[in-house]
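# Topology and contacts: notes
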Amino acid sequence: MTVVTLASVGVSYGDRDVLRNINLTLDDRCRVALTGANGSGKTTLLRLIAGLSAPDSGSVTRSRGSEVGYLPQSGLVHQGRTLAEEAEQAFAALHETVARHEAVAEQLASTSPGEEQRQLLMQLQTLQEKIERSDYYRRQERIDAVLSGLGFSRDQFDRPVEEFSSGWQMRIALAKTLLAGPDLVLLDEPTNYLDLEAREWLEGFLNGYRGGFVLVSHDRYFLDTTVSEIHELFLGGLKRYRGNYSHYERQRSAELADLIKRYEEQQAQIARTEDFIRRFRYNASKAAMVQSRIRQLEKLERIEVPDAMKRIHFSFPQPVRSGDDALRLEAVGRRYGDTPVLGGVSFLLSRGQKVAVVGPNGAGKSTLLRIVADEDHAYEGAVRYGTNVAVSYFSEELSSRMDPRATVLQAVEDAAESYLLPAVRDLLGAFLFRGDDVHKEIGVLSGGETSRVSLLRMLVRPANLLVLDEPTNHLDIHSKDVLLDALRSFAGTVIFVSHDRHFLDRLAERVIEISRPDSRDFSVVTDFPGDYEYYRRRVEAAQQNAAAPSGSATETATAGAGRSLNAANGAKGDGGTNGANGSASDWEERKTRKNRLRAIEREEERLMQRIEELDHRCAVLQQQMALPENYRDGDRVQQLQTDLLQSQAEQQQLTEKWQALEQERVELQEAQ
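None of these values were measured; they are calculated from a predicted model.

### Considering the pairing of strand 2 (residues 16-27)
- Across eight bridges, strand 1 (residues 2-13) lies against strand 2 in antiparallel orientation. Paired with S12 across the bridge in strand 2 is D17.
- In sequence, strand 1 turns back onto strand 2 through a hairpin of two residues, with G14 there showing a positive phi of about 65°.

### Here's the deal with the pairing of strand 3 (residues 31-36)
- Within strand 3, six of the six residues are buried, leaving the element largely enclosed by the surrounding structure.
- Where strand 3 meets strand 8 (residues 229-234), five bridges bridge the pair, whose relative direction is parallel. Note that in strand 8 the partner of T35 across the bridge is E232.

### Thoughts on the pattern of salt bridges
- Scanning all chains against the criterion turns up 37 salt bridges.
- In this structure, R220 and E249 form a salt bridge, with 2.8 Å as the shortest nitrogen-oxygen distance. With R220 in helix 8 (residues 220-226) and E249 in helix 9 (residues 245-280), this residue pair connects regions lying 29 residues apart in the sequence.
- Residue classification places R220 among the buried residues on the basis of a relative accessible area of 6%.
- Among the residues examined, E249 registers a relative accessible area of 24% and is labelled partly exposed.
- The partner of D324 in a salt bridge is R321, and the shortest N-O contact between them spans 3.9 Å.
- With relative accessibility at 56%, the residue R321 sits in the exposed group.
- In this structure, a network of salt bridges that share partners links the residues E200, R501, D505, R536 and E540.

### Brief notes about the sheet that holds strand 9 (residues 237-242)
- Taken together, the six strands give an open sheet; going across it, the order is 5-6-7-3-8-9, and neighbouring strands pair in mixed fashion. One side of each edge strand has no neighbouring strand; the edge strands of this open sheet are strand 5 (68-71) and strand 9. Within this sheet the neighbouring strands show an average axis-to-axis angle of 20°, counted without direction.
- Note that strand 6 (residues 184-188) and strand 7 (residues 212-216) share five bridges and pair parallel. The residue of strand 7 that forms the bridge with L187 is L215.

Parameters and conventions
- Residues numbered from 1 in each chain as written.
- Predicted model: local features only at pLDDT ≥ 70, side-chain atom pairs only at ≥ 80, totals over all residues.
- Heavy atoms only, no water.
- Pairing = 2+ DSSP bridges.
- Helix = DSSP H or I, 4+ residues; strand = E, 2+ residues; numbered from the N terminus.
- Buried < 20%, exposed > 50% of the residue type's maximum accessible area, 1.4 Å probe, protein only.
- Salt bridge = Lys/Arg side-chain N within 4 Å of Asp/Glu carboxyl O.
- Axes fitted to C-alpha atoms, helices over the stretch in contact; angles between N-to-C directions.

Rendered as structure tokens:
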């Protein structure tokens, strides 16, 4: 069923066309990701679809009886009810439907047979079908499942909603949007306030959702697992791509490479023309030619490439080499008052390792990182840094330490090494500070903007041990890619916490899990000597074993999947391969597949570039064959034909090779 139709929609802010001639149809089975650079109009388009604003031109039509739910990025606050009561408000419209059903039933009971009774029966049936489709009588079960899936504990259900923080307020709003079960759900950055467990639950919920949805998200993995088509806003227009986000990226990358190539060629042409005009503007004999060039520039249709679409590459300052043992924790424990958080944690970080720390909210991940970064000294045990280790720490809480009177540009330049100063503006652009934004004072920035400046200040300082607590918060996909590429090529050691699955998949080479079993007062820390995908497989296997009739407790099963890092086990934490049977060989096999995938992606990119070069060459040869001075020259035509045939043959050969690699890539991804 079609839910919303947009026809020739346009929206302008001042003299800027944000949306131009947008045509879009959304039904109750769509699985759409809306993407585009910051400021491209994504939120504007969602508000139009939701009926919260009107277009300047064109029309937005909603099908009669259809329902659209909308979750904005932020700003929703709840008060005056408990959490359970607030969740019940999601069914307010259905409460009215039930009341109407009861009123019609009473009226029907006192109506004599005839046309009026027939009309009432039809009305009663329609209302009954709507109630049954909504699972109204199972709403308490649904409330429990959704709230629990989004991370609320059952002892919070009777807690007043005004006691929850802004992030948890947005989780409440998300829960209500999902519980309402509209025909079309619009979610603007729904994962911003969710940890990894809640994101995974939301993925499963959306994959089983009976209605349609449109997502705006900067979480690539989340999009890959939920959507089947991408709609990109670019320079005011909307273009549709079928497939998930990774497929869109590959296709869009090729298109963007061609766009940038044409843009650079045009810029070179413009520069040559403008140089000619400057040199001969006052030369009378060249006046006609100068005027001709000026008219050419005026008529030229300029190719635009927004700054946000230009790929930025960044490399960390090369750090001083540390000793092979970068960091060792020995029986480290931490309490907050009488509440134990960590107990007897021992492990070793080797130079160059990229280590992810994972676990549920409240398990102690940030506490562990503060201890590692020498920010928290109220712990038991010992933290020993290796030779020449220099620590750089990022956390959102550090943002308050910056000078509120400094501008964004000053704050980053003050922290940067001198040789990085020329690259500071490009980095600011990659991290969403463009134009006059770089001159804003730190004191007037939002929390997310301040956090990005704090992260940038850390990136431009030389250090060989990076401790990162949620570095990807408040970054778009492009900014995350810049950070990820830099960290992957970083020669030093990295220990980090992130809720971004793609970031974890691409960066982590080892995983340390912090969990808190019911049988323990403090968290249990377990080492998994492999990447994040390896960690997921081992934990899932342990959970299946624990669920089996002869299985042991979850803690024991999980410990069998990795290596306990608590002092009771006397672990040295050297990242060895002592895990469950076959874990090392599994990891090596998966690592081999991952390396092959990366090699295939690089080769596909090289082949695509060469195919495009040959395509251009064939077009040039065909144009030359059509020139009178060439087709009158038999030898010249023969040479051009030979060159054309050779280019076409090479292009065909490379295309077949690319297709074979693409097939291998798909098979490897399915095997993972």
